[in-house]
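Now for the letters of each chain:
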Amino acid sequence: MFNRRRFWLRSHLRFQGLGLYGNLSLWQSLWHKGGQGRWTTKTTEITFGWLLGLLGGSFVTLHLNPGQGWLQGALRLATWLQALVRAEVLPPPADPNRWLLVGVGLITWVCFLAGSRPLTQTLGAIYQGQPVPPTSWVRRFIPWVITVMLLTMVAIAVALVTGPAGAPEPERWGWLIGLGRWIAAIGVLGLGLGVVYRLSPSHWVPGTPLLPGTVLTIAGWLLVQGLSRWGIQRLVELANYGLLLGLGVGLVGLYSLVLLMLVGAQFNVLTRSSGPGPGKRFGRRRPPPPPSFDSFKINR
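The rules behind these values
Residues numbered from 1 in each chain as written. Predicted model: local features only at pLDDT ≥ 70, side-chain atom pairs only at ≥ 80, totals over all residues. Heavy atoms only, no water. Helix = DSSP H or I, 4+ residues; strand = E, 2+ residues; numbered from the N terminus. Buried < 20%, exposed > 50% of the residue type's maximum accessible area, 1.4 Å probe, protein only. Contact = heavy atoms within 4.5 Å. Areas by Shrake-Rupley, 256 points an atom, 1.4 Å probe, with all protein chains shown as cover. Axes fitted to C-alpha atoms, helices over the stretch in contact; angles between N-to-C directions. Parallel < 35°, antiparallel > 145°, perpendicular 65-115°, else oblique. Left-handed = near helix turned anticlockwise from the far one by under 90°. Nonpolar A, V, L, I, M, F, W, Y, C, P; charged D, E, K, R; others polar. Phe/Tyr/Trp six-rings, centres within 6.5 Å; stacked < 30°, edge-to-face > 60°. Expected span 1.5 Å × (residues − 1). Core = buried A, V, L, I, M, F, W, Y, C linked by side-chain atoms within 4.5 Å. Polar contact = N/O pair within 3.5 Å; in protein donor to acceptor, adjacent residues only side chain to side chain.

**Q** An account of the overall build of the protein chain is needed here, citing residue identities and associated values.
**A** Helices and strands together make up the secondary structure of the protein chain, namely 10 helices and 0 strands. The linear arrangement of helices and strands in the protein chain, starting from the amino end, is α-α-α-α-α-α-α-α-α-α. Across the 300 residues of the protein chain, 36% fall into the buried class. In the protein chain, the share of contacts with a sequence separation of at least 24, taken over all contacts with a separation of at least 6, comes to 77%. Split by element, the accessible area of the protein chain, about 18,800 Å² in all, is 66% carbon and sulfur.

Rendered as structure tokens:
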């Protein structure tokens, strides 16, 4: 049954812009692939590592209190996590315990790697069709590169959206400046995610697209992030202990963000398999050449 559906998907699906995301068979194939790849288990493992890394990184960032460049985005994210857990707001110490910060920083890095390593392995298995162990020492450093890239990408995006700290809001054309910041942040997220998709597999299949899955993941990220922020705020306002439920909403939001990365990668693979074949661009299949005259000869 599934093979017949997959054959129909390969035969009829074409890259038609937004119409591609409305194909029911494509979503059914995504659901089936997610069950085969045990995405829920992998997503839980990745989310747990990244959650510990975010908490440890926020602790170090609040003590260092960076104030310039894209590091301001890391401080904004740490401040938001501090407010989420209702931690006491204190000024950064003038002389922090450097050994403590170094120890927490190393543990934080290990936690981020513990989340990035299964992420790259799962993305590589999705693009390659099966898990392929790293064959060179260069491939073993890919989770390190992806970890730095993801952290930098999120910090820059947060810095772009929030703007410089202490800067007055412009009275005229403020909405246009805000829209430009959001567009730039989405561009940074999309570019970083595309590079993560491209670096994860050990062997890249020519003709695999990056744009369809990247657009799907970024759109899902924006939707999940908006719903999470709105849900946390409403729960805190309506309930006396709404913060406890708000923490649960935040965890579900982080889980959804990780899962969307896997969904976007599989979306690219299914779009590739529905195209004209590896190494060719999207488009309609060229009709086969007419049979030659020799093919009509009868061999006696």
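Right, picking up where we left off after that structure.
**Q** Give me the packing of helix α3 (residues 39-64) against helix α5 (residues 98-128): which residues, what numbers.
**A** At a minimum axis distance of 8 Å, the contact between α3 and α5 shows a crossing angle of 155°. Comparing the axis directions of α3 and α5 gives the class roughly antiparallel. For the pair α3 and α5, the crossing hand works out as left-handed. Tallied by class, residues from the contact of α3 with α5 come to 16 nonpolar, 10 polar and 2 charged.

**Q** I'd like a description of the packing of aromatic side chains, backed by residues and values.
**A** The tally for this structure, following the rule as stated, stands at 5 aromatic pairs. Centroid distance Tyr127 to Trp204: 5.1 Å. Interplanar angle 40°. Geometry classified as tilted. Taken together, the positions of Tyr127 in helix α5 and Trp204 in the loop between α8 (174-199) and α9 (211-238) put the pair 77 residues apart, joining distant regions of the chain. Put simply, the rings of Trp109, Phe141 and Trp144 touch in pairs and so form one group of aromatic residues.

**Q** Outline the environment of Gly194, supporting the account with residue identities and numerical values.
**A** Residue position: Gly194 is located in helix α8. Of the residues examined, Gly194 reaches a relative accessible area of 11% and is grouped as buried. Along the primary structure Gly194 and Val215 are separated by 21 residues, whereas in three dimensions their C-alpha atoms are 9.7 Å apart. The residues touching Gly194, leaving out its near neighbours within four places in the chain, are Leu210 and Thr214.

**Q** Run through α3, naming residues and quoting values.
**A** With 26 residues, α3 should cover 38 Å at 1.5 Å per step; its first-to-last C-alpha distance of 36 Å lies within 8% of that length. Within α3, the full set of buried residues consists of Trp39, Thr43, Ile46, Thr47, Gly49, Trp50, Gly53, Gly56, Ser58, Val60 and Thr61. Downstream of α3 by one or two residues, Asn65 has phi in the positive range, about 55°.

**Q** Could you give an account of the environment of Leu259, naming the residues involved and the relevant values?
**A** Along the chain, Leu259 falls in helix α10 (residues 242-274). Each C-alpha atom of the pair Leu259 and Lys42 lies 8.8 Å from the other, and the pair is 217 residues apart in sequence. Among all residues touching Leu259, those that are not within four sequence positions of it are Trp39 and Thr43.

**Q** Provide a residue-level description of the nonpolar core, including the pertinent values.
**A** Counting residues in hydrophobic clusters, the biggest one holds 35 residues, and the most contacted among them are Trp50, Leu119, Leu150, Trp221 and Met261. When residues of this core are traced back to their parent elements, those giving at least two are α2 (24-37), α3, α5, α7 (142-162), α8, α9 and α10.

**Q** Pulling in residues and values, what's your account of the side chain of Ser200?
**A** By the element assignment, Ser200 lies in the loop between α8 and α9. With a relative accessible area of 5%, Ser200 lands in the buried category. There is a polar contact of 2.7 Å between the side chain of Ser200 and the backbone oxygen of Val196. Not counting the four nearest positions on each side in its chain, Ser200 is found in contact with Thr120, Leu123, Gly124, Arg139 and Ile146.

**Q** Tell me about the side chain of Gln128, residues and numbers included.
**A** If you trace the backbone, Gln128 turns up in helix α5. Gln128 sits in the buried class, given a relative accessible area of 18%. Side-chain polar atoms of Gln128 contact the backbone nitrogen of Ser202, separated by 2.4 Å. A polar contact of 3.1 Å, which involves the side chain of Gln128, links it to the backbone nitrogen of His203.

Just geometry here; none of it tells us what the structure is for.
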